[in-house]
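An overview of the molecular structure
Here's the letter readout for the chains.
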Amino acid sequence: RPKPVIRLAGCPQRDNTRRTSSPMPRRRPNPKNKAARKQREAEHEAWLRTDKGRCFINMLDLQRSCPELTRDAIGGRMHGDELMNTWKFDLSGCSMTALPASIGSWNSSPRPLIELNLSHCKQLAALPGEIGEIKSLESLVLEGCSSLVALPDAIGEIRTLNYLNLTGCVRLASLPDAIGDLGGLQILDLTCCSVLQRIPSTIGELKALRALSLANCMSLSALPDRLNELGALKTLILGGCSSLALRLGALAGLGALKALIVAGCDSIEALDIDGLPNLTSLDVSSGCNNLQITSRAILALREQRVEVKGFSMREMMRNLRNKAKRRRQRRLCDFCGWQGSIAEPRLPVCYCGRRRYCDENCQLADWGAGHSKTCSMGSLSIFHIVSLQGLENLRSKGLLTDADYRARRGEIMLITPAEARSLCEKARQQGIFPDTKF
């Protein structure tokens, strides 16, 4: 007998004795679950817009740039200052080739970032322009970034920056003109930037700059014309700049300068010390072979009691006094005792080189008083006398230096009487000496 069909309330009529091949109807989604999922997505997006969310995104960007920066490593490189409510980020020694563009959002962190250390990131070739968005940055260290070739123009937008260290950036050839916009910059260190060839003239706009180091910038050949506008500069280091040549007055106007180092600057020939009234230390040691210190500069160094390395001030002053004594003796008449000032031309000297006279009257009077017996002119030929007279005229006109005068005078005095007569005969034949003179 067939089994009776059972009708279930609320369900379609089904034959339990037969199985159909049709699938079960699809379950409809619960509207409550869909609303909850949308709410969770909205909360997640809102969290990403918070400070912690942005830091999380930035951390992911840093991890993509530098794989060794794990979450724990990044946390260990962030240093907060509870007292100042600031933080510092130390990324030194990382293998990144570029910073992510998201660094501009670091400025929106709860605590302002005041120091960024990228020292010895040897593969870092450039900085993103977004670095100018970190308005709170006070210190930027790029020491040892040997692949860095340039700085972005946006660097000038960090008006709070007071310390910029570019030591050892051996591929950095120039600085951007925007460097002059860093009105608060106090220390600029360019030590060992060996291919640096140009410093922009806008550096003269750094009115707060107190220290500038260009040590061992061997490709730098000149300083900018506006360098003397750095009125607050106290320390200038030029040591090891072997190609650097200073123009006259290049340092004039640096009234606050206290320490000047030019050791190893072979191309510098003169220093203008007069425009440096507050100078207390000068280093010209090791390699300043062509440097000439003028008498005026020596007196200025002594008056200001400057500590000098490279030469002895006592010896320089002794040489200066001896030079002044010789200059006074060249303006002293050996007969009447008249003494001329150093500003006046030197007095003519007798051909024997031992007596000076203020005029011909003193010379004639001294000749009659006994110089005729001691003067070696009596044993000289007319050729010697005329030649010595010509040398004296050339030296009086400034056409001969003292060294050249002494050398030529020695050559003339070595001419024998026979050679002198032969030379006189040739001069007479050429019409140089009239016959009446011989």
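Residues numbered from 1 in each chain as written. Predicted model: local features only at pLDDT ≥ 70, side-chain atom pairs only at ≥ 80, totals over all residues. Heavy atoms only, no water.

- Named according to an unreviewed UniProt entry, the chain is MYND-type domain-containing protein originating from Pelagomonas calceolata.

**What to know about the overall build of the chain**
- Check the secondary structure of the chain and you find nine helices and eleven strands.
- In the chain, which comprises 438 residues, the share counted as buried stands at 36%.
- When contacts within the chain are restricted to residue pairs at least 6 apart in sequence, those whose partners lie at least 24 apart make up 49%. (Helix = DSSP H or I, 4+ residues; strand = E, 2+ residues; numbered from the N terminus. Buried < 20%, exposed > 50% of the residue type's maximum accessible area, 1.4 Å probe, protein only. Contact = heavy atoms within 4.5 Å.)

**Details of the nonpolar core**
- Leu91, Leu140, Leu142, Leu166, Leu214, Leu236 and Leu271 are the most contacted members of the largest nonpolar core, which totals 83 residues.
- Of all the elements in the fold, those that place two or more residues in this core are β2 (86-90), β3 (113-117), α4 (295-303) and α5 (313-329).
- Considering every element that reaches this core, the biggest residue donor is α4, with four residues.
- Residues contacting Leu271, with those up to four places away along its chain left out, are Leu246, Leu251, Val262, Leu282, Val284, Leu291, Gln292 and Ala297.
- Judged by nonpolar contacts, the second largest core, of seven residues, contains Cys333, Leu347, Cys350 and Cys362. (Core = buried A, V, L, I, M, F, W, Y, C linked by side-chain atoms within 4.5 Å.)

**Digging into the pattern of salt bridges**
- Per the counting criterion, the structure on display carries ten salt bridges.
- Linking Arg198 and Asp177 is a salt bridge whose minimum nitrogen-to-oxygen distance equals 2.9 Å. Remark: Asp177 occurs in the loop between β5 (163-165) and β6 (187-189) and Arg198 occurs in the loop between β6 and β7 (211-213); sequence separation between them is 21 residues.
- Exposure remark for Arg198: the relative accessible area of 39% places this residue in the partly exposed category.
- Owing to a relative accessible area of 45%, Asp177 belongs among the partly exposed residues under this scheme.
- Where Asp366 meets Arg355, a salt bridge forms, and the shortest distance between an N and an O atom there is 3.0 Å. Here Asp366 is found in helix α6 (residues 360-374), whereas its partner Arg355 is found in the loop between α5 and α6, with eleven residues between them in sequence.
- Residue classification places Arg355 among the partly exposed residues on the basis of a relative accessible area of 23%.
- Three or more residues are tied together by salt bridges with common partners; here these are Glu205, Lys207, Arg226 and Glu229. (Salt bridge = Lys/Arg side-chain N within 4 Å of Asp/Glu carboxyl O.)

**Some points on the pairing of β3**
- Of all five residues in β3, four are buried; the element is thus mostly enclosed.
- Sheet topology note: the β2/β3 ladder contains four bridges and is parallel. Considered in β3, the bridge of Lys88 is made with Glu115.
- Of the pairings in the sheet, the one linking β3 to strand β4 (residues 139-141) comprises three bridges and is parallel in character. If you follow Glu115 over to β4, its bridge partner there is Ser139. (Pairing = 2+ DSSP bridges.)

**Digging into the confidence of the model for the chain**
- Scored by pLDDT, the chain comes out at a mean of 81, with 83% of its residues at no less than 70.
- Low pLDDT, under 50, characterises residues 13-20; the stretch is placed with four contacts to residues that sit more than four places away or in other chains. (pLDDT = per-residue confidence, 0-100.)

**Observations regarding the side chain of Thr86**
- With respect to the helices and strands, the residue Thr86 is situated in strand β2.
- Overall, Thr86 belongs to the buried group, its relative accessible area being 10%.
- Beyond its immediate chain neighbours, meaning those up to four positions away, Thr86 contacts His79, Gly80, Asp81, Arg111, Pro112 and Ile114.

**A few points about the side chain of Arg356**
- Topologically, Arg356 is positioned in the loop between α5 and α6.
- A polar side-chain atom of Arg356 sits 2.4 Å from the main-chain carbonyl oxygen of Leu347.
- Setting aside anything within four residues of it in sequence, one finds Arg356 in contact with Gln329, Arg330, Leu332, Cys333, Asp334, Phe335, Arg346, Leu347, Pro348, Val349 and Arg395. (Polar contact = N/O pair within 3.5 Å; in protein donor to acceptor, adjacent residues only side chain to side chain.)

**Points about unusual backbone geometry**
- The phi torsion at His120 lies on the positive side, around 60°, for a residue other than glycine.
- Mapped onto the fold, His120 is located in the loop between β3 and β4.

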